[in-house]
Amino acid sequence: MYRQGDVLLVPVSAGEVPGTAVPAPRDRAGRMVLARGEATGHAHVIVGPDTVLLADRDDVDRLFVKIITRARVVHEEHGTITIPAGSYRIVRQREYLPGAYRYVAD
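None of these values were measured; they are calculated from a predicted model. (Residues numbered from 1 in each chain as written. Predicted model: local features only at pLDDT ≥ 70, side-chain atom pairs only at ≥ 80, totals over all residues. Heavy atoms only, no water.)

1. Structural notes on the environment of Leu53
Note the cut-off: Numbering of helices and strands runs from the N terminus, with a helix taken as a DSSP run of H or I at least four residues long and a strand as a DSSP run of E at least two residues long. Exposure classes here rest on a 1.4 Å probe applied to the protein chains alone. A residue is buried below 20% of its type maximum, exposed above 50%, and partly exposed in between. Pairs of residues are marked as contacts when any of their non-hydrogen atoms sit within 4.5 Å.
Position of Leu53 among the secondary structure elements: in strand S6 (residues 51-56). With a relative accessible area of 4%, Leu53 lands in the buried category. When residues no more than four places from it in sequence are discounted, the contact partners of Leu53 are Val22, Pro23, Ala24, Met32, Val33, Leu34, Leu63, Phe64 and Val65.

Next comes the structure, spelled out in C-alpha cells:
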C-alpha cells in the first residue's frame, strides 16, 4: 500500500477493477487528479507515461489506476512517491461526524 496524505493506493488484481470502469476525466490542466483539497485547492495527482486513471461508471467516486511501468503521486505539500506497475484502488480518508461520514478536508 502507498499513502500520501489522505489518499491511499491499495494494490488489487486486474480482475478486481470493475468492468464498468472508464477513463476518468482530467482536470482543466490535463492532470489525473486522485483527490482535490476543498480548503487549499491543492491536489493529489498521479503522473506517468503509461498510467490510466479509471472511474466506475456506476459510482464515480470509486477510482482505480492502472500503471504499466511506474508512476508518481505528487502534491504541493507532500513528498512525491513512486508507485510501481500494477492495478490499485484509490481510497480517500474519511472522518466521522455525528450521523455521517465525510472525506477529510485538505
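There is more to say after this.
2. Quick notes on the environment of Val7
As for its position among the elements, Val7 is in strand S2 (residues 7-12). Discounting residues that sit within four places of it in the chain, Val7 has contacts with Tyr2, Leu34, Ala35, His44, Ile90 and Val91.

3. Some words on the side chain of His75
Definition in use: Definition of a polar contact: a pair of N or O atoms within 3.5 Å, with one able to donate and the other able to accept a hydrogen when the atoms are protein atoms, and with sequence-neighbouring residues admitted only if both atoms are side-chain atoms.
Within the secondary structure, His75 sits in strand S7 (residues 59-75). A residue is classified by how much of its surface remains accessible, and His75, at 7% relative accessible area, is buried. A polar contact of 2.9 Å, which involves the side chain of His75, links it to the backbone nitrogen of Glu77.

4. Some words on the pairing of S7
Convention followed: If DSSP finds at least two bridges between two strands, the strands pair.
In this structure, strand S5 (residues 43-47) lies alongside S7, joined through three bridges in antiparallel fashion. Following the sheet pairing, Val45 is matched in S7 by Val74. The sheet contact formed by S6 and S7 spans six bridges and is antiparallel. Pairing of Leu53 across the sheet is with Val65, part of S7. Both S7 and strand S8 (residues 78-92) contribute to a ladder of ten bridges, which runs antiparallel. Opposite His75, over in S8, you have His78 as the bridge partner.

5. Regarding the nonpolar core
Keep this limit in mind: The nonpolar core is taken to be a set of buried Ala, Val, Leu, Ile, Met, Phe, Trp, Tyr and Cys residues, with the residues joined through side-chain atoms within 4.5 Å.
Counting residues in hydrophobic clusters, the biggest one holds 18 residues, and the most contacted among them are Leu9, Leu34, Ile46 and Val65. Within the residue set of this core, elements represented by two or more residues are S2, strand S4 (32-36), S6, S7 and S8. Counting residues per element, this core draws most heavily on S7, at five residues. Discounting chain neighbours no more than four positions away, the residues touching Leu9 are Met1, Tyr2, Leu34, Ile46, Val65, Val73, Ile83, Tyr88, Arg89 and Ile90. Val12, Val17, Leu54 and Phe64 belong to the second-largest nonpolar core, a separate cluster that totals five residues.

6. Overview of the layout of surface pockets
Just so we agree on the cut-off: A 1.4 Å probe that fits but cannot get out identifies a cavity on a 1 Å grid over protein atoms alone, an open set with protein on both sides within 12 Å along at least five of seven lines counts as a pocket, and a residue lines either if it has an atom within 4 Å of a point. Grid points are joined across faces, edges and corners, and a volume is the space filled by probe spheres set on the points. Put simply, Ala, Val, Leu, Ile, Met, Phe, Trp, Tyr, Cys and Pro go in the nonpolar bin, Asp, Glu, Lys and Arg in the charged bin, and everything else, Gly too, in the polar bin.
In this structure, the largest pocket encloses a volume near 330 Å³. Looking at the largest pocket, it is lined by 20 residues, and the ones nearest its centre are Leu34, Val60, Asp61, Arg62 and Leu63. Going through the elements one at a time, S4, S6, S7 and S8 are the ones with two or more residues in the lining of the largest pocket. It is S7 that contributes the most residues to the lining of the largest pocket, five residues altogether. Split into classes, the residues belonging to the lining of the largest pocket amount to twelve nonpolar, no polar and eight charged.

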